[in-house]
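Residue-level structural notes
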There are 2 protein chains.
Amino acid sequence: MPYRAPLSDFALLLDLLGYDRLAATPRFAAVPRDMAGAILAEAARLCETTLAPLNRVGDRHPARLENGVTRTPPGFAEAYRAIAAGGWIGMAARPESGGMGLPMTLATAVNEMMSGACLALQLGPLLTQGQIEALEHHAAPGLRALYLPRLASGEWAGTMNLTEPQAGSDVGALRTKAEPNPDGSYAITGQKIYITWGDADFLPNICHLVLARLPDGAPGTAGISLFLVPKFLPDAAGNPGARNAVTTVSLEHKLGLHGSPTCVLQYDGAKGWLVGEAHRGMAAMFTMMNNARLGVGVQGIGVAEAAFGQALAFAQTRIQGRTPTGGAAIVEHADVRRMLATMRAQVFAARAIALSCAHAIDMATATGAPDWQARAALLTPIAKAYGTDTGHEVAQLGIQIHGGMGFVEETGAAQYARDVRVTSIYEGTNGIQAMDLTARKMADGGAAAFALIDEVQAAAETARAGHPELAHEVWQAAEALREATETLLKQGLTDRFAGAVPYLRAFALVLGADAHLRAARHAGGPRAALARVAIRRLLPEHAALLAQAREGSTDLYALAPEDLAA
Amino acid sequence: MPYRAPLSDFALLLDLLGYDRLAATPRFAAVPRDMAGAILAEAARLCETTLAPLNRVGDRHPARLENGVTRTPPGFAEAYRAIAAGGWIGMAARPESGGMGLPMTLATAVNEMMSGACLALQLGPLLTQGQIEALEHHAAPGLRALYLPRLASGEWAGTMNLTEPQAGSDVGALRTKAEPNPDGSYAITGQKIYITWGDADFLPNICHLVLARLPDGAPGTAGISLFLVPKFLPDAAGNPGARNAVTTVSLEHKLGLHGSPTCVLQYDGAKGWLVGEAHRGMAAMFTMMNNARLGVGVQGIGVAEAAFGQALAFAQTRIQGRTPTGGAAIVEHADVRRMLATMRAQVFAARAIALSCAHAIDMATATGAPDWQARAALLTPIAKAYGTDTGHEVAQLGIQIHGGMGFVEETGAAQYARDVRVTSIYEGTNGIQAMDLTARKMADGGAAAFALIDEVQAAAETARAGHPELAHEVWQAAEALREATETLLKQGLTDRFAGAVPYLRAFALVLGADAHLRAARHAGGPRAALARVAIRRLLPEHAALLAQAREGSTDLYALAPEDLAA
């Protein structure tokens, strides 16, 4: 079935988040609520009509390297230009960068829709958005003036170059070198892998943000600097000029996202410019990565929505089994109902968490309040990991609902699962997100976490009148999360990390249940029925997860790796 | 890393199951314990050296239809012949059928190893084994004499033909027709899909067991009969003669198992012979399916073992991050330890359940005792669903441990996940297994389930002395399962089915914890450490699952399908 954008969820969540409060700030006064709705509807139209039809095309016609040229799937160039023409690439960029200056709340919703419609294509704009943000925060004025308008318009594209064969999650192990040139630029030499949209035939220029080490850079992450390295060196007029010394060596053969060119790039003294301060490249990259992590979280949610929509349509039309009045669509079977309701409840929960994170980013931008910054920082790893886990789980349930037809590629159900799988890995694996949550994001002694738990419990108190049973369960789960957080804060890092993934998921279940309860109270009807599914069926898992988090790590290290072999 | 067979697990489980008791029965007296070990070691050698190297080959060189000939991947023909030459296809067949008459316990272990080494290839022998069993139980003497020795030797192969485009899980909706011929045979006409190993260039003959409806067959499953339809009609000497009217129309393009030809077969008046009684085809097929379900369960476990072995080897050699003494292999990270220990604990639990099921089948065969038959019947859906879910979950954790390298196909981590995915679907989806458990297998008023729960609790009592904490938790979880079973027995079928999948998983968690506790008590050391992981980290999920099972179905049907759309 064709992709359908979740506009009713977005409308509800803008209410629940208090979008009007955001629009009342000077920073976002230009985007009142009705305009926000119009913007989302316009993006939905683009996604449903232009992007979604390309999703299967990209899978069947993978990007390929042909005589040194990276060929993209049919239709991708035109759709990319349509995204750019709509202003969607620069939607959250500052107006002085050539952007629309929209709130992240809206940009995040649009990114979710683009991901759900065609993830392989959306990756390109997402990385360009991240590059815009890094340059806005860290680049010198000359670089900003030259590059930002061309990136925000979508004329040029941007990439992130972190990974090397020996340096995946351990970025500090990188070997790429940067040598100063006499003209103030740098010569970059090294190989980078897994470069998403690292090359494409239809882009006039591609700008790589490359992590590399200066001659005087210390070992590890403290000695890494960030460089902007364009494929074509801009001439005096700012047009693409001479070819830079960066070569596309090969494209990866991947489980999914076949339409997205994932490149191995070789830099042989390529000319680049320092972004930010020398040896402070990781800090600059983290600016970019934090929002990119939210962006990846909504990739998971977008694919989940698409997989859910297809599974629901399939279940409503696939006849198997009989009722007294004839053949029955499988949606009438209790187990299929259970799967569909689970998928739907998970998608709404993940979406609510992601938009809460975006909203906190916007409130921090608009008010400068440290509390909102802390809230955004706390929610980012949860939004990333739970959003992408939801993408994976919902896509897998989608396959299951399709039965045997889920295993053959022609239905497209399997593609969602293949495509979304990497979102739990890239931009920091979900394990790393959980370590971030339990270490860096708890460096405040748990203040941000406890403040959020307080809000969940206060909302549950308010909801007791209308939904006593559900409110009670949410309150109790939040209390269990509070106690587990107190325990976690007493643990050493190794114990925390051993329980980090279950702890993060428990946190997400509580936040998801909170969003469902608020939705039930605000809208009632089917939203209340869905809240019941989320709170009575999905939330109870939190206890088992928190039990794991309390276990520490002793038992894990009691098993030597060689003891594990059967 | 190369596949390594889990012989130490098998040895331990033969102890825990009481293999000697089985070998003391007249039926299996010819296979004492030391011979059993030698047989498993011999199969392990074949799997490790001959089959495992073909796993990636099959993925990269998919089976394909070329001018009407079904080409198989390079090396598959030779390996298939090696399996046949070792007697492994007919290992559980009766000696009078040309088989070895081995216990299912050993055949199941061998099937797991073959699956772990190369699932795409193992599917062929597994289906032939199922056909042998169906013919042994239901075919007339003439058919048995002609076909069984050729199938048991692996000279010919067998397939199962149930599914049609409009009839997947709902077999009763099939349209294939069988018309009587004057010579006592039947003319079969119709189209069957998803026929695993439905054709192959190197097989001299392929024998299809086809479900079809006789002219006087009632609608639904009650009017279905079973027919044996060979690709080549045997001549007077029993050699393949004239080509029968069955055509391979196409091969499916699948998510995984690329090496296995999955065929659409067209029957145009093909000549076939009735197997069993007219209109009793479903009963005959169920004989075959029950053991095939156990076989599919161990497919999941075999792939899980292979994925685990590869992930463990990767984690021991992949350097990321540092310790005070230098780079550290990722196996030293707590979250990777958690994943590996989880995988290992799940695999052992699933393996113990599958071998318990096989042991019950053997004891039923050897003693004819109804209690053992009931035990085998109860365990079959649990072994199938939990074994295949374990395959899926462990393979996905394997991808996660590989990080970005898990998403590129060259490492092979993704292949395990792609290949194993269908095992949760075919031979009855795992949802159908759960419905079978909560309906047909509870038709005894829960007697078989309660008897098993009693045994778990009795074993926990015995274990209290050495492992008080773990024994307590297993006992309590078994008690929760007992209470949930009592609740389930009071529910109507729709409510049962709404909670069937979570209920089955809770049952499996309790049985898995029981196996780990017994292993801890029997062997101590690392087995006790692993039991702690299983019981303290994995078992607690049972409470959340049973909470779902208690929910019934009202909330699910309160949400209309159109209410689910976002």
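Residues numbered from 1 in each chain as written. Chains lettered and ligands numbered in written order. Predicted model: local features only at pLDDT ≥ 70, side-chain atom pairs only at ≥ 80, totals over all residues. Heavy atoms only, no water.

**Topic: the interface of chain B and chain A**
At the interface, 91 residues of chain B touch 91 residues of chain A. For the pair chain B and chain A, the summed buried surface comes to about 7,600 Å²; carbon and sulfur atoms form 57% of the total. Considering only the side of chain B, the residues that lose the most area to chain A are F407, R537 and A566 of chain B, jointly responsible for 12% of the buried surface there. The interface formed by chain B and chain A includes four salt bridges. (Contact = heavy atoms within 4.5 Å. Buried area = accessible area lost by both parts, 1.4 Å probe. Salt bridge = Lys/Arg side-chain N within 4 Å of Asp/Glu carboxyl O.)

**So, the side chain of T485 of chain B**
Residue placement: T485 of chain B occurs in helix 15 (residues 468–490). Residues within four places of T485 of chain B in sequence aside, it is in contact with M442, A449, F450, I453 and Y503 of chain B. (Helix = DSSP H or I, 4+ residues; strand = E, 2+ residues; numbered from the N terminus.)

**Re the relation of the copies chain B and chain A**
Turning chain B through 180 degrees and shifting it by 0.0 Å along the axis lays it on chain A, with an RMSD of 0.0 Å. Expressed as a symmetry operation, the mapping of one chain copy onto the other fits a two-fold axis. The C-alpha atom lying nearest the rotation axis in chain B is that of E541 of chain B; the distance is 3.3 Å. (Least-squares fit on C-alpha atoms with pLDDT ≥ 70 in both.)

**Examining the UniProt feature "domain: Acyl-CoA oxidase/dehydrogenase middle" (unreviewed entry) in chain A**
What UniProt calls "domain: Acyl-CoA oxidase/dehydrogenase middle" (unreviewed entry) maps, in this numbering, to residues 160–268 of chain A. For the annotated span residues 160–268 of chain A, helix accounts for 0% and strand for 48% of the residues, and the straight-line distance between the end C-alpha atoms is 18 Å. (UniProt positions renumbered as here; feature names shortened; annotations may be inferred.)

**Describing empty space enclosed by the protein**
Evaluated as defined, the whole model comprises six cavities of 30 Å³ or more. Of the pockets and cavities examined, the largest cavity occupies roughly 90 Å³. L255, H392, Q396, A417, R418 and R421 of chain A together with L255, Q396, A417, R418 and R421 of chain B are the residues that line the largest cavity. Among the secondary structure elements, those contributing two or more residues to the lining of the largest cavity are helix 10 (370–402) and helix 12 (413–420) of chain A together with helix 12 (413–420) of chain B. In the lining of the largest cavity, the residues fall into four nonpolar, three polar and four charged. (1 Å grid on protein atoms, 1.4 Å probe; cavity = no way out; pocket = protein on both sides within 12 Å on 5 of 7 lines; lining within 4 Å. Points joined across faces, edges and corners; volume = space filled by probe spheres on them. Nonpolar A, V, L, I, M, F, W, Y, C, P; charged D, E, K, R; others polar.)

**Digging into the nonpolar core**
The biggest cluster of nonpolar side chains holds 326 residues, and the ones touching the most others in it are L340 and F507 of chain A together with L340 and F507 of chain B. No other element matches the 21 residues that helix 9 (residues 334–367) of chain B contributes to this core. For L340 of chain A, the residues in contact, after removing those within four places along its chain, are F308, A311, L312, A315, V331 and I401 of chain A together with L564 of chain B. (Core = buried A, V, L, I, M, F, W, Y, C linked by side-chain atoms within 4.5 Å. Buried < 20%, exposed > 50% of the residue type's maximum accessible area, 1.4 Å probe, protein only.)

**Points about the environment of L379 of chain A**
Residues and elements named next belong to chain A. With respect to the helices, strands and loops of the structure, L379 is situated in helix 10. Counting along the chain gives 22 residues from L379 to C357, while the straight-line C-alpha distance between them is 5.4 Å. Sequence-distant contacts of L379, defined by excluding residues within four places in its chain, comprise S356, C357, L452 and L511.

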